[in-house]
2 protein chains.
Amino acid sequence: MTQQPVHPAHSRVLVDHDGVQVPVTRVALTNGETFDRYCTTGPGGDPAVGLPALRAPWIEGRGDTTTYDGRGPDPLDDGRGAARRGGARQAWTGPRRPPRRATGGAVTQMAYARRGEVTQEMRYAAAREGCDVELVRSEVAAGRAIIPANPNHPEAEPMVIGKRFLVKINANIGNSAVTSSIAEEVEKLTWATTWGADTVMDLSTGDDIHTTREWILRNSAVPIGTVPIYQALEKVDGEADRLTWEVYRDTVIEQAEQGVDYMTVHAGVLLRHVPLTVDRVTGIVSRGGSIMAGWCLAHHEENFLYTHFDELCEIFAAYDVAFSLGDGLRPGSVADANDAAQLAELRTLGELTLRAWEHDVQVMVEGPGHVPLHLVEENVVLQQDWCHGAPFYTLGPLATDVAPGYDHITSAIGAAAIAMHGTAMLCYVTPKEHLGLPDRDDVKTGVITYKLAAHAADVAKGHPGARAWDDELSKARFEFRWHDQFALSLDPPTAQAMHDETLPAEAAKTAHFCSMCGPKFCSMRISQDVRERFREKSEEFVELGSTVYVDPLDPAVAARA
Amino acid sequence: MTQQPVHPAHSRVLVDHDGVQVPVTRVALTNGETFDRYCTTGPGGDPAVGLPALRAPWIEGRGDTTTYDGRGPDPLDDGRGAARRGGARQAWTGPRRPPRRATGGAVTQMAYARRGEVTQEMRYAAAREGCDVELVRSEVAAGRAIIPANPNHPEAEPMVIGKRFLVKINANIGNSAVTSSIAEEVEKLTWATTWGADTVMDLSTGDDIHTTREWILRNSAVPIGTVPIYQALEKVDGEADRLTWEVYRDTVIEQAEQGVDYMTVHAGVLLRHVPLTVDRVTGIVSRGGSIMAGWCLAHHEENFLYTHFDELCEIFAAYDVAFSLGDGLRPGSVADANDAAQLAELRTLGELTLRAWEHDVQVMVEGPGHVPLHLVEENVVLQQDWCHGAPFYTLGPLATDVAPGYDHITSAIGAAAIAMHGTAMLCYVTPKEHLGLPDRDDVKTGVITYKLAAHAADVAKGHPGARAWDDELSKARFEFRWHDQFALSLDPPTAQAMHDETLPAEAAKTAHFCSMCGPKFCSMRISQDVRERFREKSEEFVELGSTVYVDPLDPAVAARA
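Conventions and cut-offs
The numbers attached to residues start from 1 for each chain and follow its sequence in the written order. As they are written, the chains are lettered A onward and the ligands numbered 1 onward, keeping that order. This being a predicted model, a pLDDT of at least 70 is required before a residue's local features are given, and a value of 80 or more before pairs of side-chain atoms are given or counted; all residues contribute to the totals for chains, interfaces and linings. Excluding hydrogens and water, the side-chain values take into account all heavy atoms of the structure. Here, two residues are considered to be in contact whenever any of their heavy atoms come within 4.5 Å of each other. Defined in terms of a 1.4 Å probe, buried area is the accessible area two parts forfeit on being brought together, summed over both. Within this document, salt bridges are pairs made up of a side-chain nitrogen of Lys or Arg and a carboxyl oxygen of Asp or Glu, the two lying within 4 Å of each other. Each polar contact in these results corresponds to two N or O atoms within 3.5 Å; when the atoms are within protein, one needs to be able to donate a hydrogen and the other to accept it, and residues that are neighboring in sequence are counted only if both atoms are side-chain atoms. Counting from the N terminus, the helices are the DSSP runs of H or I reaching at least four residues and the strands are the DSSP runs of E reaching at least two. Residues are grouped as follows: Ala, Val, Leu, Ile, Met, Phe, Trp, Tyr, Cys and Pro are nonpolar; Asp, Glu, Lys and Arg are charged; every other residue, Gly included, is polar. The rule for pairing is simple: two strands pair if DSSP sees at least two bridges between them. The angle between two axes is taken between their N-to-C directions and runs from 0 to 180 degrees, where each axis is a line fitted to C-alpha atoms and a helix contributes only its stretch in contact. Think of it in three bands: residues with accessible area under 20% of the maximum for their type are buried, residues over 50% are exposed, and the middle band is partly exposed, with areas taken using a 1.4 Å probe on protein chains only. UniProt positions are given in the numbering used here, feature names are shortened, and annotations may be inferred rather than shown by experiment. Whether a crossover is right-handed depends on one test, that the path from the first strand over the helix to the second runs clockwise when the strands point away from the viewer.

Novice: Help me out: how do you make sense of the interface of chain B and chain A in this one?
Specialist: Opposite the 124 residues of chain B that make contact, chain A presents 124 residues. Carbon and sulfur atoms supply 68% of the area buried between chain B and chain A, which totals about 10,600 Å² over both sides. The three residues of chain B that bury the most area against chain A are R272, V402 and F521 of chain B, which together make up 7% of that side's buried surface. Where chain B meets chain A, there are four salt bridges. Residue K432 of chain A is joined to E501 of chain B by a salt bridge in which the shortest nitrogen-to-oxygen separation is 2.8 Å. For the pair chain B and chain A, the interface holds 28 residue pairs in polar contact (both at pLDDT 80 or more). When residues in the side of chain B that touches chain A are grouped by element, the largest group, 13 residues, is from helix α20 (residues 523-544) of chain B. Of the residues belonging to the side of chain B that touches chain A, the class tally is 65 nonpolar, 30 polar and 29 charged.

Put into structure tokens, the structure is as follows:
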């Protein structure tokens, strides 16, 4: 099964950039031209088999990793329910590769970049961005960009996250104890990448958590992130007080062996930060943050993720797992934005960034949350300063709390603004935020909304080539090439369906109007007439002399008059 | 028929502010408290009869207007089809008041304000804003705010538009030649104000245009705006070249007698500006702008709206119609943003603002359109500077062109940003923008999206009391008062429906989790536990001394260490 394109004029094409073949979504236009867009769909395939291992020869070729037996399956990996039943409800059926890890020092893209080595992953990511590979290498070496690329996830098409590159978006999927199946989650993954998700986080918290992740990883052409504390908590029956470094460490290795590319680690939630949250309007709203804060208080000990951070770095270095340093104390309401708790944690994340870099481990730093618009920029400025330029990865932020059901929009407002100021990746928010688990439609709405926010930021940043897409679509619009306008849009079927609601006939696809204004009032039709008329009359205008055109309010003209 | 509240906990209540009774939407919370929100629904009533004339005694009491016979109906007022049929398809059935106009000088709120007179309209608007009436009077006197209040629309509840006040939103309704009926348009009006539209523009362009407007005005508790050139064009069979000042003038008087509160006038589209649009990506995208540009070129004459502007001001002064100075040359794509054509017109609008103010006529100035995020602020700065602080009224702007079908969102991103920088009113954009005429669902989506953008701007501007709403909702969220969270939200039925999709039982409305994370992972539940634990342990913490809390990275602490 090949992944279906979302429009008949779309096709996934491999294009050559200096010998590197990278996928693009090629849009065939009715005027004979084509327009290529960044493509995240992957090659597609049978979900029961998984994707080809694109990166396998590159990884093997480097000769710095080896396969080994691995920790082996634990009956509890899929939770108590599965252990009782003797396994997950839907076992992984495709090929199983033995896990692979470093034989010596760090096998991270950062380690290579710092040594001046240009990897295939860097070439691939640069080709997708249309930039020089040296820009990718140097940004990764400096810690200002990451390429999440666990050798145990060779199916992933490499991509780069950093403020010098296209703004990326992440889609969260995953079941919760209340709802959803493995097949649904794999379907959500495919669906999210079809619409443009650059990475996907599997936030499953229910049963079958290991096996769900296996299905997701083997079918994912984008990097996969997780929050290991969720699975660790399942292993101790949801009793946060019973969490230990050992359970957590084992879970991290389990996930690293499967191929998770980046992990959210709430190591910045320190015992001394907890009192700062007590008078907040909404306390602690990060799941990982609240779990670790509860643990710290119960044991009256420092967060074990902080105290064991160097050991964690050693594991991450051996599998090139990137840190996504979690903002466990992010504000959950505009009232709590940029407060002492949030900023205290951010300082700690800056300290941890340097510690991870000592191990050549790649780092991005997570950010809020709920932030009123006038405080958005400060978030990026402080993060970039305190975290030494490590990529910022924010959840929205929501610019107001008053619109549950529309939080994809309240957060897209904050997301576009924060990305314009330098955030490298945006974690999507779906309409179901605060209300329930997103379904397939919510995932699509969240992804499309964040793609448009990310693109708006790319345009605002003057990212090379970003505006070409807007211009191409606007030209199609002005020339009444309706099919091209649909094909070039972020969501062709929705754009076409909305148009066709009132004017379904094929003739309307070349008509010089739509039902919005009707034929007599179509400004673009009239504007084209105006353009023709002007061109006919331009000689006449020239005869009238320049006085017709000059603005009497223009100071230069006024001075002459 | 009383207008149905959108949630059982909502009711429209009149509250007294210094002797002025103004409506609020009162939200009854499950904890026994109430929360009052700005209310635009109006008193409701039978659409065939219309609303009570709230302002009639105030207007009569001023003694500076008189009723008169009026211009009388013209068979062409409802278009050629209606003239042939002998009338509109659905005649207005309610009471008809004779039109009223000034007996002497200007009867505008600006004229009163400049003379130091505090009107009932000012008191009413101030009471709704919760501010001192002197702020309203002085801002109106200075031209920095307007109160659209035609004496022939006494049904309207006065409101103020200006950057010192709550950001307002406008919803466009109106049929086009292609679709929709009078009943549908009245329904859209009621629907738009139910969800919070502060003003409504009737942009009808088809048949029955006069009668549709009559139904809308008689049923509207919010100010109504129009674009008279649309109806004028109908009167000359859609042939822009045949437009004359006389046809336009007659149409303006027809609409002023009906009670239109503000009119978009494209008097800034000058002959010399037209050549500046020729090389644009999307030419002229304003309907009125393209009509007037076409007229100028065809006749090779200056725009008659510009040459007759003072006569127009005299009419507006006699009916207190406010100008909405149209941006006929606004950019229709990010490529054309802030270009020479747009800015040349803006300078002319600044000149016209001063001319209108000489007649004591109220003015707001329209703005774009499509603007990339980094150019948004410049739009407000230049408009405020060149137009002498007159309120800015923008359409979006859309931050990118690539998402037809989602342009309520691409534009809400720009709208929140531009409002934060000082735009006074936002014209909504629905998901159907560029694709077709919005239906009932699109109107609601557009209004809710713009309410949240406007509120985000109010919060960012630090508008007094704005954040109280966010805090109230966030408190309800943190305390798991689900019913209150729904009732306080911008769209209670949608929020509740999304929650109930996975957890429909009544017990779930007080449950300390939702399906998003499930019970074990609910951060807010854990966070409440943390708070309890912390309070239990706080004495223990104090004994440990302050070292537990200080941040070793804090420079002050580092210096001590």
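Novice: Would you mind going over the sheet that holds strand β1 (residues 10-17) of chain B with me for this structure?
Specialist: Two orientations exist for strands paired in a sheet by backbone hydrogen bonds: parallel and antiparallel. All names here are of chain B. Spatial ordering of the open sheet is given by β1-β2-β3, a layout of three strands whose pairing is antiparallel. The sheet is open, and its two edges are formed by β1 and β3 (34-38), each paired on a single side. Pairwise comparison of adjacent strand axes, ignoring direction, gives a mean angle of 45° for this sheet. The pairing of strand β2 (residues 20-28) with β3 spans five bridges and is classified as antiparallel. The partner of V27 across the bridge, within β3, is F35. Its contacts with the sheet place helix α4 (residues 120-129) against β1, β2 and β3, and it is angled at close to 25° to β2.

Novice: Looking at this structure, I do not really get the side chain of K432 of chain B. What am I missing?
Specialist: Along the chain, the position of K432 of chain B falls in the loop between β15 (425-427) and α16 (440-460). Given a relative accessible area of 3%, K432 of chain B falls into the buried group. Residues within four places of K432 of chain B in sequence aside, it is in contact with M498, E501 and M516 of chain A together with L437, P438, D439 and D442 of chain B.

Novice: Looking at this structure, how should I read the pattern of salt bridges?
Specialist: Charged atoms that come close allow side chains of opposite charge to pair. With the rule as written, the count across this model stands at 92 salt bridges over all chains. One network of salt bridges, with partners in common, ties together R71, D77, R213, K235, D250 and E254 of chain A.

Novice: Quick question: what am I supposed to make of the UniProt feature "binding site: Zn(2+)" (unreviewed entry) in chain A here?
Specialist: Per the UniProt record, "binding site: Zn(2+)" (unreviewed entry) is annotated on H370 and H434 of chain A. Across 65 residues, the annotated set stays spatially compact, with a maximum C-alpha separation of 12.1 Å. On the accessibility criterion, H370 of chain A (6% relative accessible area) is buried. With near-sequence residues (within four places) excluded, H370 of chain A lies in contact with P331, G332, S333, V334, A337, P397, L398, D401 and H434 of chain A together with R477 of chain B. Within the structure, H370 of chain A has its side chain in polar contact with the backbone oxygen of G332 of chain A (distance 3.3 Å).

Novice: What should I look at first to understand the pairing of strand β12 (residues 322-325) of chain B in this one?
Specialist: On any regular strand, side chains alternate: one points to one face of the sheet, the next to the other face. All names here are of chain B. Along β12, one buried face is formed by A322 and S324 and the opposite face, lined by F323 and L325, is buried too. Relative to strand β13 (residues 363-367), β12 runs parallel, the two being bridged by three bridges. Its bridge partner being in β13, L325 is matched across the sheet by V365. For the crossover that starts at β12, traverses helix α13 (residues 340-358) and ends in the parallel β13, the hand is right-handed.

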